[in-house]
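# Observations on the model geometry
The lines below spell out each chain.
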Amino acid sequence: EVQLVESGGGLVQPGRSLRLSCTASGFTFGDYVMSWFRQAPGKGLEWVGFIRNKASDGTTKYAASVKGRFTISRDDSKSIAYLQMNTLKTEDTAVYYCTRGPWDTSVAVAAYWGQGTLVTVSS
Amino acid sequence: QSPLTQPASVSGSPGQSISISCTGTSNDVGGNKYVSWYQQHPGKAPKLLIYEVNYRPSGVSHRFSGSKSGNTASLTISGLQAEDEADYYCSSYTDSGVLVFGGGTKLTVL
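These lines cover the structure that appears in this document, whether it is placed above or below. Only a predicted model underlies this, so the values are computations on that prediction, with no experimental measurement involved.

### A short note on the side chain of Ser92(B)
Residue and element names in this part refer to chain B. Residue placement: Ser92 occurs in strand E7 (residues 86–93). At a separation of 3.3 Å, a polar atom in the side chain of Ser92 contacts the main-chain amide nitrogen of Val29. Ser92 has contacts with Leu4, Asp28, Val29, Asn32, Tyr34, Val35, Val98, Leu99 and Val100, leaving out every residue within four places of it along the chain.

Have a look at this one:
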């Protein structure tokens, strides 16, 4: 059974950094593209970005709203995907979800979702 | 302002059918097959209902179906049930290689 568990959320001041983790199990992590999404309180879903598998050179892609501030990485030996968030803004306050597609190269579909972790950016 | 346009709300009675539209442009919805639909109940993670316009993942009820015409995709739910009351989101891959969403539609089962 595919399982994704996010961790690392919490309260952080504007301008500071935070790193989220997504621990995966139930599949061969290194074969799959991993993505991050977020949802601000009471708002809709927003794609954050993805990281391809090593076979595709582990390339990344980001939404314009986070590009240059957020970095997605992966440790295939530990089956963990990371979301490093720098220079956080109040508008980054959201529940952050880690996802996996239905097949290994899928970047456009989120078939499996974690439970989410809440990040609150406030002074 | 979300890149894709969905109605804010729709409603229907049990047993009826409803459709939710998702309008984009030729750069996203109209330009590729990668349109997906998600269902989200309050306080829960989203659930994939439809991918690549009209494919259902294993385990998703046949009452959910998707279609597309031009720059507008649609999700149809037939035989409405109380448990269908939720928020629904469409998404599309774009020609610039990013993923965009609609603002979401709240479905009320009367």
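### Observations regarding the pairing of strand E3 (residues 35–40) of chain B
Residue and element names in this part refer to chain B. For E3, a buried count of six out of six residues is recorded, marking the element as mostly surrounded by other parts of the structure. Strand direction decides the pairing type here: E3 and E7, joined by six bridges, are antiparallel. Looking at E7, one finds that Tyr38 is bridged to Tyr89. In terms of strand pairing, E3 meets strand E4 (residues 47–50) through three bridges, oriented antiparallel. Of the residues in E4, the one forming a bridge with Trp37 is Ile50. Hairpin geometry of E3 and E4 is characterised by an intervening segment of six residues between the two adjacent antiparallel strands and by a positive phi of about 75° at Gly43.

### Looking at the interface of chain A and chain B
Tallying the contact residues gives 19 residues for chain A and 19 residues for chain B. Overall, the association of chain A and chain B removes approximately 1,500 Å² of surface from exposure, summing both partners, and the carbon and sulfur fraction of that is 68%. Here chain A is connected to chain B by zero salt bridges. Our enumeration of links across chain A and chain B arrives at four residue pairs in polar contact (both at pLDDT 80 or more). When contributions to the side of chain A that touches chain B are tallied by element, the ones reaching two or more residues are strand E4 (34–39), strand E5 (45–51) and strand E6 (60–62) of chain A. The element that contributes the greatest number of residues to the side of chain A that touches chain B is E5(A), accounting for four residues. Residues belonging to the side of chain A that touches chain B are distributed by class as follows: 13 nonpolar, three polar and three charged.

### Comments concerning the layout of surface pockets
Its volume calculated, the largest pocket comes out at about 420 Å³. Forming the walls of the largest pocket are 21 residues, and the residues nearest its centre are Gly44(A), Leu45(A), Glu46(A), Ser2(B) and Pro3(B). Of all the secondary structure elements, the ones that give two or more residues to the lining of the largest pocket are E4 and E5 of chain A together with strand E8 (99–101) of chain B. Here the residues of the lining of the largest pocket sort into nine nonpolar, eight polar and four charged. Surrounding the second largest pocket, 18 residues form its lining, Gln39(A), Lys43(A), Gln40(B), Asp87(B) and Tyr89(B) being those nearest its centre.

Quick notes on the rules
Residues numbered from 1 in each chain as written. Chains lettered and ligands numbered in written order. Predicted model: local features only at pLDDT ≥ 70, side-chain atom pairs only at ≥ 80, totals over all residues. Heavy atoms only, no water. Helix = DSSP H or I, 4+ residues; strand = E, 2+ residues; numbered from the N terminus. Polar contact = N/O pair within 3.5 Å; in protein donor to acceptor, adjacent residues only side chain to side chain. Contact = heavy atoms within 4.5 Å. Buried < 20%, exposed > 50% of the residue type's maximum accessible area, 1.4 Å probe, protein only. Pairing = 2+ DSSP bridges. Buried area = accessible area lost by both parts, 1.4 Å probe. Salt bridge = Lys/Arg side-chain N within 4 Å of Asp/Glu carboxyl O. Nonpolar A, V, L, I, M, F, W, Y, C, P; charged D, E, K, R; others polar. 1 Å grid on protein atoms, 1.4 Å probe; cavity = no way out; pocket = protein on both sides within 12 Å on 5 of 7 lines; lining within 4 Å. Points joined across faces, edges and corners; volume = space filled by probe spheres on them.

By themselves these figures say nothing about function.
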